[in-house]
Amino acid sequence: MKIRVLVTGANGQLGKTIREISYDFLGLIEFVFVEKSKLDITKKESVKHFFETNNFDYCINCAAYTNVDLAESETKVAMDVNANAVKHLAVNCKQNNVVLIHISTDYVFDGKNTNPYLENDQTNPINVYGESKLLGEEYIKANLNNHFIIRTSWLYSKFNKNFVKTIFEKIKNNQSLKIITSQKSTPTSCLDLSEFIMFLITNKVKSFGTYHFSAQGEATWYDLGLQIAKHFDNSSNIKPIEMYESIANRPLYSVLSNDKAIALTNKKPPSWKVSVNQILCDLSQ
Ligand SMILES: NC(=O)c1ccc[n+]([C@@H]2O[C@H](COP(=O)([O-])OP(=O)(O)OC[C@H]3O[C@@H](n4cnc5c(N)ncnc54)[C@H](OP(=O)(O)O)[C@@H]3O)[C@@H](O)[C@H]2O)c1
């Protein structure tokens, strides 16, 4: 029998990436992709009915409220999607014997570390988005044993709007840019993250819990901009700036340690530069 996998938030960049690679697994896995218009995860009755009338083995929750600045004013929506709805997903997973694979963020940390964050390091979010994602994690832990919480950082893909695509377009169009040097984390390709998720499913991993997964290495947004500019042999239009005014606070250092994920898979994720170059090639085609 095929493994049945529900993917929520399927129109997001991670959801679209999983859909793209899903074709490689069709002999083994039956995927059901649902975007917000088909399944709004905040609608309790619809979610309950959806779980009861399907027979899923896994739910990959790619649905989230991800606008970090807007979350400061739209706090209720952010909490509803990232925390309350996630609790309800966990309860439904428990009742229907479904493993929940939930994606969380480096923004659960305050950024005061100077070494990569481990899974059990103290959390202390400094913006509403981070608070809402942390509450989602806590609800899962309280309601469901069979879960994977995967914290990742600075996601990009060839889909939707993200930093890599925006900078790619600007450099391509010869626009000059100022990019900040004050924040450091790891740009992570949705493709690499999707492969880690598929590893958990195809190997039926039972070591449930929280995992950090990002590319290897660390970078500032400016470093990432420079890497994109290199692709065009054009770094003269990029200037570093220390900071810019933003609505939400962001952690200055939120690099995640991949050690636990590496021990599980026996494989290091690619360096961030290798994966960024791969997307740049895709975007150039
Ligand atoms: N992007 C990053 O840099 C980053 C970094 C670390 C962790 N993460 C986490 O990684 C996961 C995937 O992020 P992403 O970049 O793929 O986000 P994304 O592109 O913003 O996708 C999120 C998707 O969730 C959908 N959604 C919002 N509210 C929903 C609801 N009530 N019911 C169902 N779907 C809903 C959105 O639909 P609409 O667009 O129609 O609202 C969107 O399609 C998220 O959990 C995010 O917190 C992201």
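Residues numbered from 1 in each chain as written. Predicted model: local features only at pLDDT ≥ 70, side-chain atom pairs only at ≥ 80, totals over all residues. Heavy atoms only, no water.

**Student:** Which parts of the structure should I look at to understand the state of the cysteines?
**Tutor:** Between two cysteines, a covalent bond joining their sulfur atoms is known as a disulfide. Per the stated rule, a full pass over the model turns up zero disulfides. Here Cys62 is not cross-linked by a disulfide; its sulfur's nearest cysteine counterpart is in Cys190, at 8.6 Å. On the basis of relative accessible area, Cys62 is assigned to the buried category, the value being 15%. Lacking any disulfide linkage, Cys93 is separated from the closest cysteine sulfur, that of Cys59, by 4.9 Å. (Disulfide = S-S within 2.5 Å. Buried < 20%, exposed > 50% of the residue type's maximum accessible area, 1.4 Å probe, protein only.)

**Student:** Could you clarify how one ought to interpret the site of the ligand in this entry?
**Tutor:** By nearness alone, 23 residues border the ligand, and Asp40, Ile41, Thr66, Tyr129 and Lys133 come closest of all. Taking Ile41, its main chain carries an N or O atom lying 2.9 Å from a nitrogen atom of the ligand. Ile103 is positioned such that a nitrogen or oxygen atom in its backbone is 3.2 Å from an oxygen atom of the ligand. Relative to its unbound accessible surface of 910 Å², the ligand loses 79% to contact with the protein. Looking at the shell around the ligand residue by residue, the class counts come to eleven nonpolar, nine polar and three charged. (Near = heavy atom within 4 Å. Polar contact = N/O pair within 3.5 Å; in protein donor to acceptor, adjacent residues only side chain to side chain. Areas by Shrake-Rupley, 256 points an atom, 1.4 Å probe, with all protein chains shown as cover. Nonpolar A, V, L, I, M, F, W, Y, C, P; charged D, E, K, R; others polar.)

**Student:** In this structure, what is going on with the sheet that holds strand β3 (residues 58-61)? I would like to understand it.
**Tutor:** Whenever strands of a sheet pair, they do so through backbone hydrogen bonds, lying parallel or antiparallel. Ordered in space as β2-β1-β3-β4-β5-β10, the six strands form an open sheet in which the pairing is parallel. The open sheet is flanked by β2 (29-34) and β10 (209-212), the only strands paired with a single partner. Averaged over all pairs of adjacent strands, the angle between strand axes in this sheet comes to 20°, irrespective of strand direction. Relative to β3, strand β1 (residues 3-8) is paired through four bridges, and the arrangement is parallel. Across the sheet, residue Leu6 finds its bridge partner in β3, namely Cys59. The strands touched by helix α1 (residues 13-22) are β1, β2, β3 and β4 (99-105); relative to β2, the strand with the most contacts, the crossing angle is about 150°. (Pairing = 2+ DSSP bridges. Helix = DSSP H or I, 4+ residues; strand = E, 2+ residues; numbered from the N terminus. Axes fitted to C-alpha atoms, helices over the stretch in contact; angles between N-to-C directions. Contact = heavy atoms within 4.5 Å.)

**Student:** Which parts of the structure should I look at to understand the pairing of β4?
**Tutor:** Look at any regular strand and the pattern is simple: side chains alternate between the two faces of the sheet. In terms of burial, β4 is largely enclosed, as seven of its seven residues are buried. Here β3 runs beside β4; their pairing, made up of four bridges, is parallel. Pairing of Ile60 across the sheet is with Ile101, part of β4. Between the parallel elements β3 and β4, the chain passes through helix α3 (residues 75-95) in a crossover that is right-handed. Crossover handedness for the path β4 to helix α4 (residues 128-143) to strand β5 (residues 147-152): right-handed. (Right-handed = clockwise from strand over helix to strand, strands pointing away.)

**Student:** Would you mind showing me how to read the packing of helix α2 (residues 44-52) against α3 here?
**Tutor:** How two helices sit against one another is set out by the angle between their axes and by the gap between those axes. Where α2 contacts α3, the two axes come as close as 10 Å, and the packing angle between them is 25°. Here α3 runs roughly parallel to α2, going by the angle between their axes. The two elements α2 and α3 meet at a crossing, and its hand is right-handed. Of the residues in α3, those in contact with Lys44, Val47, Lys48 and Phe51 of α2 are His88, Leu89, Asn92 and Cys93. Here the residues of the contact of α2 with α3 sort into four nonpolar, two polar and two charged. (Parallel < 35°, antiparallel > 145°, perpendicular 65-115°, else oblique. Left-handed = near helix turned anticlockwise from the far one by under 90°.)

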